[in-house]
Amino acid sequence: MGSCLLILQIRKTNCKNMKSPQNMESPQNMESPQNMESPKIMKNPWLNISLSDTVANCDKSVINSLTTAVKSKIVLDTLPEPYHGDPEAKVYLLNGNPGHSEKDLTFVGCGNAIQAASVLPNGKNAFSNIYEKEICEELWHINKEFIWLRDPETVVNAIGESHLGYKWWKDRVRKLKKACGCEISEKVFCIECFPYHTKHKMAFDLPSGKYVDDFIYSAMEEEKVIVLMRSRREWFARIKGLENYSNLILLNSCQNVSLSPGNMTKSDWEKLVKTLK
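Just so it is clear, the model here is predicted, and its values are computed rather than measured.

Cut-offs used in this document
- Residues numbered from 1 in each chain as written.
- Predicted model: local features only at pLDDT ≥ 70, side-chain atom pairs only at ≥ 80, totals over all residues.
- Heavy atoms only, no water.
- pLDDT = per-residue confidence, 0-100.
- Contact = heavy atoms within 4.5 Å.
- Pairing = 2+ DSSP bridges.
- Helix = DSSP H or I, 4+ residues; strand = E, 2+ residues; numbered from the N terminus.
- Axes fitted to C-alpha atoms, helices over the stretch in contact; angles between N-to-C directions.
- Polar contact = N/O pair within 3.5 Å; in protein donor to acceptor, adjacent residues only side chain to side chain.
- Salt bridge = Lys/Arg side-chain N within 4 Å of Asp/Glu carboxyl O.
- Buried < 20%, exposed > 50% of the residue type's maximum accessible area, 1.4 Å probe, protein only.
- Arc of directions from axis to C-beta.
- 1 Å grid on protein atoms, 1.4 Å probe; cavity = no way out; pocket = protein on both sides within 12 Å on 5 of 7 lines; lining within 4 Å.
- Points joined across faces, edges and corners; volume = space filled by probe spheres on them.
- Nonpolar A, V, L, I, M, F, W, Y, C, P; charged D, E, K, R; others polar.
- Parallel < 35°, antiparallel > 145°, perpendicular 65-115°, else oblique.
- Left-handed = near helix turned anticlockwise from the far one by under 90°.

Caption draft 1: Highlighting the confidence of the model for the chain. Confidence in the prediction for the chain averages 89 pLDDT; 85% of positions are at 70 or higher. Long-range and interchain partners of residues 1-39, a stretch whose pLDDT sits below 50, account for 76 contacts in this model, where long-range means more than four residues apart.

Caption draft 2: Local environment of the sheet that holds strand 11 (residues 248-250). Sheet architecture is open: 5 strands sit in the order 3-7-4-10-11, paired in mixed fashion. If you trace the sheet from one side to the other, it starts and ends with strand 3 (83-85) and strand 11, each paired once. Along the sheet, successive strands turn relative to each other by an average axial angle of 20 degrees, direction set aside. Sheet analysis places strand 4 (residues 91-95) next to strand 10 (residues 225-228), joined by 4 bridges and oriented parallel.

Caption draft 3: The arrangement of the environment of Thr54 in detail. Looking at where Thr54 falls in the secondary structure, it is placed in the loop between strand 1 (6-7) and helix 1 (60-65). Along the chain, Thr54 and Leu76 lie 22 residues apart, while their C-alpha atoms are 6.2 Å from each other. Leave out the neighbours within four places in its chain, and Thr54 touches Ile49, Leu76, Thr78, Leu79, Pro80 and Tyr196. Side-chain polar atoms of Thr54 contact the backbone oxygen of Leu76, separated by 2.7 Å.

Caption draft 4: Layout of the pattern of salt bridges. Inspection of every chain in the model, using the stated rule, returns 15 salt bridges. As a salt-bridge pair, Glu161 and Lys103 come within 3.5 Å of each other at their nearest N and O atoms. Note that Glu161 is positioned in the loop between helix 3 (130-139) and helix 4 (164-180) and Lys103 in the loop between strand 4 and strand 5 (114-115), a separation of 58 residues in sequence. In this structure Lys103 comes out as partly exposed when scored by relative accessible area, which is 32%.

Caption draft 5: Molecular detail of helix 7 (residues 266-276). Those residues of helix 7 that sit buried are Asp268, Trp269, Leu272, Val273 and Leu276. What you see down the axis of helix 7 is that its buried residues fit within an arc of 130 degrees, all on one side. In this structure, helix 7 carries Lys266 and Lys274 as exposed residues pointing more than 90 degrees from its buried face. In this structure, the buried residues of helix 7 make contact with strand 4, helix 4, strand 7 (188-192), strand 10 and strand 11.

Caption draft 6: Broad picture of empty space enclosed by the protein. A complete count under the given rule lists 1 cavity of 30 Å³ or more for this structure. Within this model, the largest cavity holds a volume of roughly 80 Å³. Lining the largest cavity we find 13 residues, and of these Cys193, Pro195, Ser208, Gly209 and Arg238 sit closest to its centre. Taken together, the residues that form the lining of the largest cavity break down as 8 nonpolar, 2 polar and 3 charged.

Caption draft 7: Representation of the side chain of Ser231 in the model. Mapped onto the elements, Ser231 comes out in the loop between strand 10 and helix 6 (232-238). Using a relative accessible area of 9% as the deciding quantity, one classes Ser231 as buried. Apart from the residues within four sequence positions on either side, Ser231 is in contact with Asn95, Gly96, Cys193 and Lys201.

Caption draft 8: Layout of the packing of helix 4 against helix 7. The interhelical angle for the contact between helix 4 and helix 7, taken along N-to-C directions, is 60 degrees, at an axis separation of 9 Å. Between helix 4 and helix 7, the angle falls in the class oblique. Considering only the axes of helix 4 and helix 7, their crossing is right-handed. The segment helix 4 lies against helix 7, with Lys175, Leu176, Ala179 and Cys180 engaging Trp269, Leu272, Val273 and Leu276. A class-by-class count of the residues in the contact of helix 4 with helix 7 yields 7 nonpolar, no polar and 1 charged.

Structure representation (structure tokens):
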């Protein structure tokens, strides 16, 4: 990714017209995407997401207020990826933002519609394709397994190529997975500092951010291990107490964010491996 850094300070706005998390319908035979245990967690702001509606409702006023030059740097043709995995996982990974490659667009219009068992949280009766299904089910906490660490790799384009997210993430955790001797796709929860795809780093506050911020504060209360991968300055400014958090692991390199013994202290590596075993 390029070195261009765009930091804007935008006042957070509140999501309007939100119902109680308990008053929402969810697909049959699926875990309700908003029945999170902690009473602190705001209603999931990503329930409206589909390939035809790629911005969280509470973020729209902020995104629409951006200048054309700034807004053009945000890729809104692909689905947002604010987090991956299970919020109840033992280890949290704090990353920067989902990047962008032109190849990402080959997954947007690829594949057939997938009928849903019942009305989806976004009001639709079907997913447009497997890409939309996999991302949305993770956004709605229906599937709590980290999408880009899963096998088999189900998100493929028309010529059978796997989404680049698989390679990027599997390369970063290869040594960690080997050291643990087990699958870790259900044991880590990754949160992106900025939820929308951009080619270069972008960092500014969005209303939807409170949803994941509350998860982080809960993780700190439970003394979970938190690995800060990217956007260190932004995360420290955003999450009160994170910089001095006792179970925080910092990587030696914020450019090469491999979770490996050479990229953190020996004691942190041992702690991370022990936690995931």
